[in-house]
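Here's the letter readout for the chains.
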Amino acid sequence: MTIRKILTFPDPKLREVAKEVTNFDSNLKELANDLLETMYEFKGIGLAAIQIGVNKRIIVADISDEKQEPHIFVNPKIKVLNENKKGGYDEGCLSIPGFYEEVIRPTQVEISFQNLSGENEKIIPEGLLGVVVQHETDHLDGKLMVDYISSVKRQRIRSKLLKLKK
Ligand code: QAP
Ligand code: CO
């Protein structure tokens, strides 16, 4: 298990579209463990592989209080069950440290995914888990929470994070 380095916005790698996972081998299990360990280390509730620079469609999440409920989703796909039900949440992102912005998303979604053995699974997440899975699945398509806010706000966050990096 290794704690990995997390890329920060506006790193261009965060804009890549991640590749489908086809090998359900021990390397994938190791990657999933590294993602969970890295997420826990930085007190996150969700993390996508592309945030540690790995171009694969795998995300992890745990919204429990103390590392009690790790979720691993390989090749996740989101189906909106009710287009008319949406809710706002103040989202954070380990790749955009220190910034929180309200994002409005569908509240009733179904997640189809594969587990680490490659078996198909489906869940209908409740509440915050649904928000986090949508946020993390966006990462796999190169999309970030700042894409939902005004470009003025986005540029301001961009320049602040670039200055912090120097
Ligand atoms: C996505 O993000 C998420 O700025 C996961 O200084 C979060 O775990 C979706 C974090 C909230 C919906 C709601 C952020 C940690 C963690 C920071 C995270 C920070 C330290 C973000
Ligand atoms: Co994020």
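The rules behind the values
- Residue positions within a chain follow its written sequence, with the count starting from 1.
- Throughout, the order in which chains and ligands are written sets their labels, letters from A for the former and numbers from 1 for the latter.
- The model is predicted, so local features are restricted to residues of pLDDT at least 70 and side-chain atom pairs to those at 80 or more, both for listing and for counting; the totals for chains, interfaces and linings are taken over all residues.
- Only hydrogens and water are removed before side-chain values are computed, so all heavy atoms of the structure are retained for them.
- Here a strand is any run of E in DSSP of at least two residues, a helix any run of H or I of at least four, and the numbering for each starts at the N terminus.
- Each residue is assigned to one of three classes by its accessible area relative to the maximum for its type, calculated with a 1.4 Å probe on protein chains only: buried under 20%, partly exposed between the two thresholds, exposed over 50%.
- Any two residues having at least one pair of non-hydrogen atoms within 4.5 Å are treated as being in contact.
- Only a single heavy atom is needed: when it lies within 4 Å of a molecule or strand, its residue is near that molecule or strand.
- What qualifies as a polar contact is a pair of N or O atoms within 3.5 Å, subject to a donor-acceptor requirement within protein and to the restriction that residues adjacent in sequence count only when both atoms come from side chains.
- Here the open area of atoms and residues is found with the Shrake-Rupley method and a 1.4 Å probe, where only the protein chains shown may cover a residue.
- Polarity classes work like this: nonpolar for Ala, Val, Leu, Ile, Met, Phe, Trp, Tyr, Cys and Pro, charged for Asp, Glu, Lys and Arg, and polar for all others, with Gly in that last group.
- Note that water is not among the atoms used; donors are N, O and S atoms within 2.8 Å of the metal (3.2 Å for Na, K and Ca), so sites may look incomplete.
- Here, a strand pair is defined by DSSP locating no fewer than two bridges between the strands.
- Helix axes are fitted to C-alpha atoms over the stretch in contact, other axes to C-alpha atoms as well, and angles between N-to-C directions run from 0 to 180 degrees.
- Patch members must show over 30% relative accessible area and no salt bridge, and they are joined within 9 Å when carrying like charges or within 5 Å when they are nonpolar side chains of Val, Leu, Ile, Met, Phe, Trp or Tyr.
- The working definition used for a salt bridge is a side-chain nitrogen of Lys or Arg within 4 Å of a carboxyl oxygen of Asp or Glu.
- The charge count includes Lys and Arg as positive and Asp and Glu as negative, but it does not include His or the ends of the chains.
- Charge positions are represented by NZ for Lys, CZ for Arg, CG for Asp and CD for Glu.

Observations concerning the environment of V54
Residue placement: V54 occurs in the loop between β1 (46–48) and β2 (58–61). You can call V54 buried: its relative accessible area is 18%. V54 sits 36 residues away from A18 along the chain, and the two C-alpha atoms are 8.1 Å apart. Not counting residues up to four positions away in its chain, the partners in contact with V54 are R4, L31 and A49.

Comments concerning the site of ligand 1
Of all residues adjacent to ligand 1, which total 17 residues, the nearest are G44, I45, G92, G98 and Y100. In the environment of ligand 1, an oxygen atom lies 3.4 Å from a nitrogen or oxygen atom belonging to the backbone of G92. Taking Y100, its side chain carries an N or O atom lying 3.2 Å from an oxygen atom of ligand 1. Look at ligand 1: alone it shows 500 Å² of surface, and the protein chains cover 84% of it. When residues of the shell around ligand 1 are traced back to their parent elements, those giving at least two are β4 (86–91) and α2 (127–140). Top contributing element to the shell around ligand 1 by residue count: α2, with 4 residues. Here the shell around ligand 1 is composed, by residue class, of 10 nonpolar, 5 polar and 2 charged.

A word on the coordination of the cobalt ion (ligand 2)
In an ideal tetrahedron of four donors about a metal, each angle is 109.5 degrees. In an ideal octahedron of six donors, the angles are 90 or 180 degrees. Taken together, C93 (SG), H135 (NE2) and H139 (NE2) make up the full set of protein donors to the cobalt ion (ligand 2), lying 2.1 to 2.3 Å away. Donor residues for the cobalt ion (ligand 2), ordered by position in the chain, follow C-x41-H-x3-H. Remark: H135 occurs in helix α2 and C93 occurs in the loop between β4 and β5 (101–106); sequence separation between them is 42 residues. C93 sits in the buried class, given a relative accessible area of 11%.

Re the sheet that holds strand β7 (residues 120–123)
Read from one edge to the other, the open sheet built from 5 strands follows the order β1-β2-β3-β6-β7, with strand pairing classed as antiparallel. Looking at which strands have only one partner, the edges of the open sheet turn out to be β1 and β7. Pairs of neighbouring strands in the sheet enclose a mean axial angle of 40 degrees, with direction left out of account. Helix-sheet contacts for helix α1 (residues 26–41) involve β1, β2 and β3 (71–80), and the interaxial angle to β2 is about 40 degrees.

Topic: the side chain of D138
Here D138 is to be found in helix α2. In this structure the side chain of D138 is engaged in a polar contact, spanning 3.0 Å, whose partner is the side chain of R105. Non-local contacts of D138, meaning those with residues more than four positions away in its chain, are made with R105, K143 and Y148.

Observations regarding a positive patch on the surface
Taken together, the side chains of R156, K160, K163 and K166 make up a positively charged region of the molecular surface. With respect to the helices and strands, R156 occurs in helix α3 (residues 151–165).

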